[in-house]
Amino acid sequence: MSIPAPFSHPALMYRGEGEYLAGTLPFVRSGLDAGEPVAIAVPGDRLALLRAGLGAAAGRVRLIDMSVAGRNPGRIIPGVLRRFADAHPGRRVRIIGEPIWRGRSAAEYPACAQHEALINLAFAGRAVTILCPYDAAALDRRTLADAALTHPVLIERGVERVSPDFNPEKVIEVYNDVGPEPVDTAALDFDADALGEVRLFATAEAARRGLTGDRLLDLELAVNELAANSIVHGGGRGTLRVWSLPGYVVCEVSDEGRLADPLAGRRPVPANAHGGRGLLLVNQVADLVRIARSDDGTRVQAHFAVNR
């Protein structure tokens, strides 16, 4: 009898509801029959489709609306995948995770692609199977090409094949970019004595751009964490920039520190650990987080939706 590899990460290329159900329902039922914990994390319309297809068996599956839990792709590994897998130590688990769907914005997509690449690092050696559906009829060529880079196995119309293009490190590097600084940016240089000024500057600029209520408090918390990281790990100083995008306020903190861990902000932190929660917390409160690493330093952008 063959022994399955510890970690399996196939991509399911589907066209239409029939192929979607044909590729996902047997995966779920096989896991349930084997006594494996199963979770489904897909957008709401797909979740309803799978719930109906599973019938009574849906009650034995953890159902998660990915459009809510995975709104920020940086939350998916720690808050969805690891949370479920870590809740079942010593057991093989199965997860359907669909983080990329038609309607994801151009700003969100790079973080989604990096997420798919980083899954391979986050679960290496673990007894976990994560099946990632891709709507081959709706998604563009770049997205489908990236899927072949981030998944070692591709499944199409019931046929499995090894991806000859598998190279997740390439995807991590290709999207290691947060783009140029917009024209309407407000900027503030800071050091350890200016953290209070950083918070006031960020909230004032964000409020001027339409952010209100709890979202303004979330932004203040995120900026404080990022600035504190710059003080501790980025040479004792940094630069805060704030600008607007359609529907969003963006805060960026840059410094001379080098962020070596590609899973920073996506790795759960043990309850007894001292520190290490800054980027994780930023991912939890922001709608999107983008990170660019270089020999010159690190740039971290946190996006907050206005009127959400």
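Residues numbered from 1 in each chain as written. Predicted model: local features only at pLDDT ≥ 70, side-chain atom pairs only at ≥ 80, totals over all residues. Heavy atoms only, no water.

**Q** Is there a simple way to explain the layout of surface pockets in this structure?
**A** Over the atoms, a rolled probe matching the size of one water molecule traces out where space is still vacant. As a volume, the largest pocket reaches approximately 510 Å³. Lining the largest pocket we find 23 residues, and of these Asn229, His233, Leu259, Ala264 and Leu279 sit closest to its centre. Only helix H9 (213-233), strand E11 (248-255), helix H10 (278-285) and strand E13 (297-305) provide two or more residues apiece to the lining of the largest pocket. For the lining of the largest pocket, the leading source of residues is H9, giving five residues. A class-by-class count of the residues in the lining of the largest pocket yields seven nonpolar, ten polar and six charged. (1 Å grid on protein atoms, 1.4 Å probe; cavity = no way out; pocket = protein on both sides within 12 Å on 5 of 7 lines; lining within 4 Å. Points joined across faces, edges and corners; volume = space filled by probe spheres on them. Helix = DSSP H or I, 4+ residues; strand = E, 2+ residues; numbered from the N terminus. Nonpolar A, V, L, I, M, F, W, Y, C, P; charged D, E, K, R; others polar.)

**Q** Even after reading the chapter, I still don't get the pairing of strand E10 (residues 237-245), so can you show me in this structure?
**A** The side chains of a regular strand alternate between the sheet's two faces. Note that strand E9 (residues 186-191) and E10 share six bridges and pair antiparallel. Residue pairing in the sheet places alanine 186 in a bridge with valine 242 of E10. Pairing geometry for E10 and E11, over seven bridges, is antiparallel. Its bridge partner being in E11, serine 244 is matched across the sheet by valine 249. Joining the antiparallel neighbours E10 and E11 is a turn of two residues, in which glycine 247 adopts a positive phi near 85°. (Pairing = 2+ DSSP bridges.)

**Q** What should I look at first to understand empty space enclosed by the protein in this one?
**A** Within this structure, the stated rule accounts for one cavity of 30 Å³ or more. Here the largest cavity defines a volume of roughly 30 Å³. For the largest cavity, the full set of lining residues is Met66, Leu81, Gly97, Glu98, Pro99, His115, Ile119, Ile130 and Cys132. Where the lining of the largest cavity is concerned, the elements lending two or more residues are helix H5 (109-122) and strand E6 (128-135). Partitioned by chemical class, the residues of the lining of the largest cavity number six nonpolar, two polar and one charged.

**Q** When you look at the pattern of salt bridges in this model, what are you seeing that I'm missing?
**A** When charged atoms on two side chains of opposite charge get close, those side chains can pair. Using the criterion set out here, one finds 15 salt bridges in the structure. The residue arginine 94 makes a salt bridge to glutamate 36 at a minimum N-O spacing of 2.7 Å. Of the two residues, arginine 94 is situated in strand E5 (residues 93-97) and glutamate 36 in the loop between helix H1 (16-33) and strand E3 (38-42); the sequence distance between them amounts to 58 residues. Like arginine 94, the residue glutamate 36 is buried in the burial classification. A salt bridge links aspartate 218 to arginine 215; the nearest nitrogen and oxygen atoms lie 2.7 Å apart. Here aspartate 218 pairs with arginine 215, and both are found in helix H9, just three residues apart, close to one helical turn. Given a relative accessible area of 9%, arginine 215 falls into the buried group. (Salt bridge = Lys/Arg side-chain N within 4 Å of Asp/Glu carboxyl O. Buried < 20%, exposed > 50% of the residue type's maximum accessible area, 1.4 Å probe, protein only.)

**Q** In this structure, what is going on with unusual backbone geometry? I would like to understand it.
**A** With glycine set apart, most residues show a phi of negative sign, and most peptide bonds adopt trans. One non-glycine residue with positive phi stands out, namely arginine 157, at about 50°. In this structure, arginine 157 sits in the loop between strand E7 (153-156) and strand E8 (159-162).

**Q** Is there a simple way to explain the packing of helix H8 (residues 195-208) against H9 in this structure?
**A** Think of two packed helices as two axes; the pair is described by the angle between the axes and how far apart they sit. At a minimum axis separation of 9 Å, H8 and H9 run at an interaxial angle of 145°. Crossing hand, H8 versus H9: right-handed. Contacts between H8 and H9 involve Leu195, Val198, Arg199, Ala202, Thr203, Ala206 and Ala207 on the former and, on the latter, Leu216, Leu219, Glu220, Val223, Asn224, Ala227, Ala228 and Ile231. Tallied by class, the residues present in the contact of H8 with H9 amount to eleven nonpolar, two polar and two charged. (Axes fitted to C-alpha atoms, helices over the stretch in contact; angles between N-to-C directions. Left-handed = near helix turned anticlockwise from the far one by under 90°. Contact = heavy atoms within 4.5 Å.)

**Q** Can you help me understand the packing of aromatic side chains in this one?
**A** Think of a pair of aromatic rings as described by two things: how far the centres are apart, and how the planes are tilted against each other in angle. All told, the structure shown has three aromatic pairs when counted by the stated rule. An angle of 20° between the planes, with centres 5.8 Å apart, marks the rings of phenylalanine 7 and phenylalanine 123 as stacked. One end of the pair, phenylalanine 7, is in strand E1 (residues 7-8); the other, phenylalanine 123, is in the loop between H5 and E6, with 116 residues separating them in the sequence. With a relative accessible area of 0%, phenylalanine 123 lands in the buried category. Residues tyrosine 109 and tyrosine 175 carry aromatic rings whose centres are separated by 5.8 Å and whose planes lie at 85° to one another, so their mutual orientation is edge-to-face. Taken as a pair, tyrosine 109 in helix H5 and tyrosine 175 in the loop between helix H7 (168-174) and E9 lie far apart in primary sequence, 66 residues in all. When its relative accessible area of 5% is taken as the criterion, tyrosine 109 is described as buried. Judged by relative accessible area, tyrosine 175 falls into the buried class, the value being 9%. Arginine 46 extends its terminal NZ or CZ atom over the ring of tyrosine 20, reaching a point 4.9 Å from the ring centre. (Phe/Tyr/Trp six-rings, centres within 6.5 Å; stacked < 30°, edge-to-face > 60°. Lys NZ or Arg CZ within 6 Å of the ring centre and 35° of its normal.)

That's the geometry; what it means functionally is another story.
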